[in-house]
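# Summary of the model geometry
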Amino acid sequence: MQNWFHRFIREARDWLEDLRSDLPLEEIRFKILRKIDAFYFDALAKTSLIHDLDLMIVRDCARAWRSILHPRSERITGRSVLKIMVDAVRGVAHPEVRSGFWAEVYHLVRGVQGRVRLHEKDSLVLPENLSGREAALWRSRSLDRLAHKVEKHIARYEHGLSPKAIKRRKLRRQKILHILGGTEQDWYNWHWQLKHVARTANELSKIAVLTEDEIANIERAVAGNLPFGVTPYYASLFDDEPGGDRDRALRAQVIPPEDYIDVMLSSEARAEHDYMREHDTTVTDLVVRRYPGIVILKPYNSCPQICVYCQRNWEIEKPLAPGAGASEDRLAKAIGWIERHKGIHEVLITGGDPLVLSDSRLKAILDALASINHVERIRIGTRMLVTMPMRITHALCAMLGSYRKPGRREVCVITHIEHPYEVTPELVRAVQLLLREGIRVYNQLVYTFYVSRRFEACALRRLLSRCGVEPYYTFYPKGKEENASYRVPVARLVQEFKEEARLLPGLARTDEPVFNVPGIGKNHLNAWQHRDIISIDNDGARIYEFHPWEKKIAAQKTFIARDVPILDYLHRLEAIGEDINEYESIWYYF
């Protein structure tokens, strides 16, 4: 802590007289606020001394300070950043305050004082003596350098369509078939895949190379009745050398980490982890409603393979759990409810994974929804393209396509592809079968730590767009306690959106970064108007006030959320070999 605190003291030398004064805290507050306004005014007045774009950092830090220092923020959060600063410079110890706090305060002070220089190295500013073709060529050479940087980063991430990956996985497929006593024909039969889902550490370790820690974590999770399952197909995507870069994100999706297990097993009731408050937004059995025009319909409440950070881990008991499918009577009542509410124009069929159901069962559900005049779009939410792409058969796609009525009704698939290494020839084939029937495919990326390195998500977006999958949403991981290993700072997701995704052509970056507000829905992270930073916790975690989508439409409460400390995140990146200097600007995204 001392290092970052001392850096703060050196950076805030113009603040120390006010912070050390014997004045009441409220008077110190207004002195500091006036100082912040003066920094901002003076920075804009001295534009010759600082790049125009670096002035925006001053502006943003000034806004953050005004919000953090406001008495309303202190009332909401129950903590005062100002008092901690005052006490610290007066020698009053706060042992609970850690380095991450002072790192945040240091960067905020540095930023508002106009001492950050991010725009003085590389420049795309056209020299004044150039024009016409000569100017165009100069700019093109500059863009070549920028494009080279992008390509260099993206080349780090091997995808599942590379010849080497295909060869490795073919060998593993043969080994798995030998172990499970199957044939090539069996492998491409989705019923065979379902029958051989690995549900224990012993079963998975027979068909994939696991570390001792991975085995121990799976055994503990299964013993505690936490959902765990991996399909043979997905196990074949694992490398034979655990701990490498290529399949890190794949393993993290299905093998629970120790802290996740600790939290889940310490809970008195699994429903405590209903982060999105579906209990409070389930209007009738199987139907969840958060928005005026769309509802979720959950006909099947399990999956063949369980994502550790699943939104519904609190209600999914085990893969392919007996009784996971809703009865015909419950489904009829749910669809009847949708029919009576004419403001609903879209239905997202999800769960669980509804494609576990047979074609005939799905057809019955789709027939009922298609008979409702006001339903204009039906979405199928599924991970089968990733976990078991052989489920996407010609017959299934033809059946889904039969409900498309251009100008009347759209049918589409929403999937969750997390990493380029998950994209395989089998996945691409499944996508093409859907596209041939006019079924568009959209991807929702969960932006976890394991896909958050520089340009890692860009590598996925570019690959998906070539395969016919449209990037749709990039989700901040649900802010649940058990998801601590997966979460990243909001600032990293915004940084990625502004500095990395922005360098891709428009059709490869059609996704929108969002934060899910419990019980309400999506808060878009692409603009400051949708949130405010209102405090900094003892460990450096920013505390945000997220605005509801209903803002300026109808009255609704805001939502207070605690973020991931930026300093902790950078330390984790450094531990896996990242150069954290490349992430320097993260401190100045809010």
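What follows is about the pairing of strand 5 (residues 377–381). Counted residue by residue, strand 5 has 4 buried out of 5 residues, so it is predominantly covered. Two elements, strand 4 (residues 346–351) and strand 5, share 4 bridges in a ladder whose sense is parallel. When the sheet's bridge partners are listed, Val-347 is paired in strand 5 with Ile-378. Between strand 4 and its parallel partner strand 5, the chain crosses via helix 19 (residues 359–370), and the hand of that crossover is right-handed. Sheet topology places strand 5 next to strand 6 (residues 410–415); 5 bridges connect them, and they run parallel. What sits directly across from Ile-378, in strand 6, is Val-411.

The buried fraction of helix 6 (residues 81–89) amounts to 8 of the 9 residues, a majority that puts the element mostly inside the structure. For helix 6, every residue scored as buried is listed here: Val-81, Leu-82, Ile-84, Met-85, Val-86, Asp-87, Ala-88 and Val-89. Once helix 6 finishes, Gly-91 follows within two positions and takes phi at roughly 90 degrees, a positive value.

The geometry of a pair of packed helices is captured by two quantities: the angle between their axes and the separation between those axes. Running from amino to carboxyl end, helix 3 (residues 25–45) crosses helix 6 at an angle of 100 degrees, the nearest separation of the two axes being 11 Å. As far as their axial angle goes, helix 6 and helix 3 are roughly perpendicular. In this structure, helix 3 contributes Leu-25, Ile-28, Arg-29 and Ile-32 to the contact, and helix 6 contributes Leu-82, Lys-83 and Val-86. Here the residues of the contact of helix 3 with helix 6 sort into 5 nonpolar, no polar and 2 charged.

If you trace the 3 strands from one edge of the open sheet to the other, you get 11-12-13, paired in antiparallel fashion. Looking at which strands have only one partner, the edges of the open sheet turn out to be strand 11 (531–536) and strand 13 (559–562). Direction aside, neighbouring strands of the sheet carry axes that sit 25 degrees apart on average. In the sheet, strand 12 (residues 542–546) pairs with strand 13 via 4 bridges, with the strands oriented antiparallel. Pairing of Ile-543 across the sheet is with Arg-562, part of strand 13.

When you line up the elements, Trp-587 lands in the segment after helix 25 (566–575). When the C-alpha positions of Trp-587 and Ile-154 are compared, they lie 23 Å apart, and in sequence the two are 433 residues distant. Ignoring sequence-local partners within four residues, the contact set of Trp-587 consists of Ala-103, Glu-104, His-107, Arg-542, Ile-566, Leu-567 and Leu-570. At 3.5 Å, the side chain of Trp-587 and the side chain of His-107 are in polar contact.

Under the criterion given, the structure shown has 23 aromatic pairs. Their ring planes at 55 degrees and their centres at 5.6 Å tell us that Tyr-442 and Tyr-472 sit as a pair that is tilted. Here Tyr-442, found in strand 7 (residues 440–446), pairs with Tyr-472, found in strand 8 (residues 469–475); they are 30 residues apart in sequence, far enough to count as distant. Residue classification places Tyr-442 among the buried positions, given a relative accessible area of 14%. Between Tyr-472 and Tyr-473, the aromatic rings sit 4.3 Å apart at their centres with planes inclined by 45 degrees, giving tilted as the arrangement. Look at Tyr-473 and you get buried, because its relative accessible area is 14%. Through pairs of rings, three or more aromatic residues link up here, namely Tyr-309, Phe-449, Tyr-450, Tyr-486 and Tyr-569. Sitting over the ring of Trp-190, Arg-391 keeps its end group 3.9 Å from the ring centre. Arg-454 extends its terminal NZ or CZ atom over the ring of Tyr-583, reaching a point 5.4 Å from the ring centre.

Conventions adopted
Residues numbered from 1 in each chain as written. Predicted model: local features only at pLDDT ≥ 70, side-chain atom pairs only at ≥ 80, totals over all residues. Heavy atoms only, no water. Buried < 20%, exposed > 50% of the residue type's maximum accessible area, 1.4 Å probe, protein only. Helix = DSSP H or I, 4+ residues; strand = E, 2+ residues; numbered from the N terminus. Pairing = 2+ DSSP bridges. Right-handed = clockwise from strand over helix to strand, strands pointing away. Axes fitted to C-alpha atoms, helices over the stretch in contact; angles between N-to-C directions. Parallel < 35°, antiparallel > 145°, perpendicular 65-115°, else oblique. Contact = heavy atoms within 4.5 Å. Nonpolar A, V, L, I, M, F, W, Y, C, P; charged D, E, K, R; others polar. Polar contact = N/O pair within 3.5 Å; in protein donor to acceptor, adjacent residues only side chain to side chain. Phe/Tyr/Trp six-rings, centres within 6.5 Å; stacked < 30°, edge-to-face > 60°. Lys NZ or Arg CZ within 6 Å of the ring centre and 35° of its normal.

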